[in-house]
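Residues per chain, in single letters:
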Amino acid sequence: MKKLLKQLTETFGPSGYEDNVRKLVLAEVKPLADEIKVDALGNLIARKRPGKQTKDTKKIMVAAHMDEIGLMVSHVDENGFVRFSSIGGVFGKYVHGGRVRFLNGVQGVIGYDRFEKIHEAPALDKVYIDVGATSKKDCPVKVGDVAAFDRPFTEMGNRLVAKSMDDRVGVLVAIETLRALKSSPHDVYFVFTTQEEVGTRGAKTSAFGVDPDVGVAIDVTACGDTPNAMKMEMALGKGPCVKIQDSGMLADARVVQWMIRAAEKNKIPYQREVLLFGGTDAQAMQLTRAGVPAGCLSVPTRYVHSPSEMLDYTDLQNSVKLMTAILRTPIDL
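In this convention, every chain numbers its residues from 1, walking through the sequence in written order. With the structure being a predicted model, the display of local features is reserved for residues of pLDDT at least 70 and the display and counting of side-chain atom pairs for 80 or more, all residues being used for whole-chain, interface and lining totals. Hydrogens are left out, water is left out, and the side-chain values use all remaining heavy atoms of the structure.

Draft legend 1. Local environment of unusual backbone geometry. Note that the residue after Asp 166, namely Asp 167, is joined by a cis bond; omega there is 5°. Going along the chain from the N terminus, every DSSP run of H or I of four or more residues is numbered as a helix, and every run of E of two or more is numbered as a strand. Mapped onto the elements of the fold, Asp 167 is located in helix α4 (residues 165-180). Within the chain, Thr 200 stands out as a residue other than glycine whose phi angle is a positive 45°. Summarising the element assignment, Thr 200 is placed in the loop between β12 (187-193) and α5 (201-210). Each residue's exposure class comes from its accessible area (1.4 Å probe, protein chains only) as a fraction of the maximum for that residue type: buried when under 20%, exposed when over 50%, partly exposed otherwise. Using a relative accessible area of 10% as the deciding quantity, one classes Thr 200 as buried. Positive phi, close to 60°, is recorded for Asn 228, a residue that is not glycine.

Draft legend 2. Structural context of the state of the cysteines. Note on disulfides: each one is a pair of cysteine sulfur atoms within 2.5 Å. For the structure shown, the criterion picks out 0 disulfides. Here Cys 223 stays free of any disulfide, with the sulfur of Cys 241 as its closest cysteine sulfur at 7.1 Å. The exposure class of Cys 223 is buried, given its relative accessible area of 10%.

Draft legend 3. Representation of the pairing of strand β2 (residues 44-48). Most of β2 sits inside the fold, with 5 of its 5 residues counted as buried. Neither face of β2 is open: one carries Leu 44, Ala 46 and Lys 48, the other Ile 45 and Arg 47, and all of them are buried. Relative to β2, strand β1 (residues 35-38) is paired through 4 bridges, and the arrangement is antiparallel. Each bridged residue has a counterpart across the sheet, and for Ile 36 the counterpart in β2 is Ala 46. Linking β1 to β2, which pair antiparallel, is a turn of 5 residues; within it Gly 42 sits at a positive phi near 90°. For two strands to pair, DSSP has to find at least two bridges joining them. The pairing of β2 with β12 spans 5 bridges and is antiparallel. By the bridge assignment for β12, Leu 44 is matched with Phe 192.

Draft legend 4. Fine view of the sheet that holds strand β10 (residues 154-156). Read across the sheet, 3 strands follow the order β10-β11-β18 without closing on themselves; strand pairing throughout is antiparallel. Every interior strand has two partners, whereas the edge strands, β10 and β18 (309-312), have only one. Looking at each pair of strands side by side, their axes are set apart by 25° on average, direction ignored. Taken together, the 3 bridges between β10 and strand β11 (residues 159-162) define a ladder with antiparallel strand orientation. Orientation is described by axes fitted as lines to C-alpha atoms, over the contacting stretch for helices, and by angles from 0 to 180 degrees between their N-to-C directions.

Draft legend 5. Inspection of helix α1 (residues 2-10) at higher detail. Within the sequence span of α1, burial applies to Leu 4, Leu 5, Leu 8 and Thr 9. Looking straight down α1, one finds its buried side chains confined to an arc of 125°; they lie on one side. Note on definitions: a residue-residue contact is assigned when non-hydrogen atoms from the two residues lie within 4.5 Å. Of the surrounding secondary structure, the elements contacted by the buried residues of α1 are α2 (19-29), β11, α4 and α8 (313-328). Throughout, the arc means that of the directions going from the helix axis to the C-beta atoms.

Purely geometric numbers; function is a separate question.
Below, the structure is given as structure tokens:
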């Protein structure tokens, strides 16, 4: 799994530019799925049919987003310095001194004009990308070009660090669950979605098309286990999280109990998640058509939306075990 996670996280795919990630995912899931298609927004849908179809068979949509946060060139000045707008939640506290790579291969360093207050994070309109150009004429990028953070995958003992763990780790969990799921009482649609970071757009359209009975997102969640962190229960090394609430969704209580029942029956460690900010594709699935009972399995992750997102390998392994167990467990609605 580490090798595939390295490939996934080091592949560049900001929102709206997920093609290379989708190619990688397709190569993995094609031999495993009963049916595969790509829809108009670029969502990759891999279906795993039930062993036996009955009138009570539930259609389950499992969503993990392929996109990552990024940057888009908005202006190039006469000296070749590049101003940019954000694609998704790019935070000033993480950008200064960061390196980026454009989809055309050009690399850059994020610099700043000057700090009014040296210890405070700069606003994004106070920073720029230096691509080594000396003028607008020799600048190798243009307005509208897209970049993402440039960081290698790194192992730090049992902790794994990379850019775009959000949500390539969810993509990995979905792939490995599909690999492990030999049979299910459900008709399962694994959907690798686009444009989550800019408003769960791919999940909205794919959920409308799939029309599931139940929706489960796989995503990351922030931790409360660092010095002076917000008061939240989630921590590295204590198992995957069963989401109960975030700022965009109240998980369906029946789905929460379905997930917890699978964890406890299979003796898989888990955490109860109440996230004080943020949202996932579960919100989009919940509000599709006439409404869908939805929940989320979250992988606890430190430094979310930074170029160095950190998770625990044991949590990753248990996330695959739990997602597989969930999909093998009947649900009563």
